[in-house]
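Fold and geometry: a report
What follows is the residue order along each chain.
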Amino acid sequence: MKVLTLNFLTCAVKACKTTSASFPLVPKECELVSDTIAPNPTLLTNLLPRVDWPALGSIAVALGFPSLSPLPPTPADLENDTKMMADLHTLLLETQISEGSLVCANCGHEYKVKEGIANFLLPNHLV
Amino acid sequence: MLPTPSTSHVSFDRVYEPAEDSYLLLDTLSSESEKEFLQDRFTHSKPPTSTPPKNSPSPLIIEVGSGSGVVLSFIHAHALTIFGRSDILTAGIDVNPHACQATIQTIRCAEKEQEVSKTSHGFYLGNVAADLTGALRCGEVDVLIFNPPYVPTPNLPSLVGDPKLSAFDADSHLLELSYAGGEDGMEVTNRLIESLPGILSRDRGCAYVLLCAQNKPEVAKEGIRKWGSRWMAETVGSSGKNAGWEKLQIVRIWRESPPISTT
Ligand SMILES: C[S@@+](CC[C@H](N)C(=O)[O-])C[C@H]1O[C@@H](n2cnc3c(N)ncnc32)[C@H](O)[C@@H]1O
Ligand SMILES: [Zn+2]
C-alpha cells in the first residue's frame, strides 16, 4: 500500500472514530519498497489539497524520511522547488509499505500489514 | 465499448468470479449518462482533456468488496474517459484477503495494458482487508462502488473464518461471504448504506450500489431519500428486464449541491 493511503484510514474500533487521536495511524517497524513512477506534477498538485499535512509530517518521520516543512507548499511553491517536488513524489507516489504494522494512538490496537495489505478485521471482542 | 481488464490470473475457488452483476456495473459507470454526471461533478471543462481544472482536488474512488478487481481496474484504466481526468486516486477494500491480492494483480495488469498502448490510468493506493467502510476516515470518499453479497440467505457467514477450517472449507466460507446477504439479501448492504452519510465527502460524494429484485430496491431508495431533502437515490442502470421487473439494478446515491449563493 502506498504511504498516501494512510491519509484516508483510521482505527476501525467504533469508539476510536470520534477521537482525533485515531488519525493518523502510526507506522511501526515498517518495511518499505519503492516503485518507479514517472513524474506527475498534475497529480501531485491536485492531491496535495486533500493531504492532512501535519499527519503526513508525522508519518514521514515515523518512516524515517526527512521532516517536512511546517506548512504545505502552494502549487506555486511546488512548481518552483524541484527538490520539494521530487521529495514529495518519492514519499507520496513511489513509497509502499510492504510489511509492518499501523498503530492506533488512541486504543493501541496494531493493524498488521502483510504483502502490502493492511488487515483491519477486528477480533470479535472489539467489534 | 471500453475493454474489460483481464482477470485470468485469479483463482475463482476463493474469489468471486466476474458475473452479470460485475458487468452491469462496468456498463453503467461507462454509460453516456453516468460519464456526464461524473464529469460534471469532477471536471468542469468539457471532456476529454487530460488537464483537470486548476485546484480541483483529485477525486478518491473506493470500491468496497473489490473481489477480483474487475470493476476497480476498469475505472482505474478508463479514468480519463469516465471522469474526464486521470489524476484520480483509487483503492479497494475486501473482507477476503485473497480478493485483495487479486485486485492488486488485476490493477497491475490493467496498468501495464494502458502503458503499452500509451494511455493514462489513475493512481492506485492499494487494497486493505476490512469490514465495509470501517477503516475509512470520515468525509473523504468521492465515489464509492459496491457490488454486495445480495442473495437472500437464512444466515450470514462470520466475517473471519475459523482458523481450524480445512482449506476446502475455508475457500467455501470465502465464497459464501461473496454472495450471502442474510434477510432480503440486504443485511450487508444496509450496513454499507447507513455508513454513507459519514464517509462520503460533503460536496462531491456519491455511491453506486448494486441491488437485485429480492432486495426490495424501492424500499431501500425511499429510506435514503428520508435522510433529508438533498439526498437522492435513483436507478441508473439495470439488466434482466422481465415483465417490468429488473433482475439487477445499480442505484446511484448522492447529495445534491446546495444552491449556489449569489452574494
Ligand atoms: C458479489 S462480490 C463482488 C466482487 C467484485 N466487485 C465484482 O463485481 O465482481 C462481493 C464482494 O464483497 C466482499 N465482501 C462481502 N462482505 C464484505 C464486508 N463486510 N466488507 C468488505 N467486503 C465484503 C466479498 O468478499 C466479495 O469479494
Ligand atoms: Zn483505536
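This section reports on the structure supplied with the text.

Cut-offs used in this document
Residues numbered from 1 in each chain as written. Chains lettered and ligands numbered in written order. Predicted model: local features only at pLDDT ≥ 70, side-chain atom pairs only at ≥ 80, totals over all residues. Heavy atoms only, no water. Donors = N, O, S within 2.8 Å, 3.2 Å for Na, K, Ca; no water. Buried < 20%, exposed > 50% of the residue type's maximum accessible area, 1.4 Å probe, protein only. Salt bridge = Lys/Arg side-chain N within 4 Å of Asp/Glu carboxyl O. Contact = heavy atoms within 4.5 Å. Buried area = accessible area lost by both parts, 1.4 Å probe. Polar contact = N/O pair within 3.5 Å; in protein donor to acceptor, adjacent residues only side chain to side chain.

**Side note on the coordination of the zinc ion (ligand 2)**
All names here are of chain A. For the zinc ion (ligand 2), the full set of protein donor atoms is C11 (SG), C16 (SG), C104 (SG) and C107 (SG), at a range of 2.3 to 2.4 Å. Sequence spacing among the residues donating to the zinc ion (ligand 2) works out to C-x4-C-x87-C-x2-C. Overall, the relative accessible area of 0% leaves C11 in the buried class. Accessibility expressed as a relative area gives 2% for C16, which makes it buried.

**Thoughts on the pattern of salt bridges**
Proximity of charged atoms lets side chains of opposite charge pair with each other. By the definition in use, this model includes 19 salt bridges over all chains. Within this structure, R50 and D52 of chain A together with R137, E140, D142 and R204 of chain B form a network of salt bridges that share partners.

**As for the interface of chain B and chain A**
Between chain B and chain A, the residue contacts involve 31 residues of the former and 30 residues of the latter. For the pair chain B and chain A, the two sides together bury roughly 2400 Å², of which 65% comes from carbon and sulfur. Taken as a group, F123, L125 and R137 of chain B account for 27% of the area that chain B buries against chain A, more than any other trio of residues on that side. Connecting chain B to chain A are three salt bridges. A salt bridge links R50 of chain A to E140 of chain B, with the shortest nitrogen-to-oxygen separation between them at 3.2 Å. On inspection of chain B and its partner chain A, the count reaches 14 residue pairs in polar contact (both at pLDDT 80 or more).

All we've got here are geometric facts, nothing functional implied.
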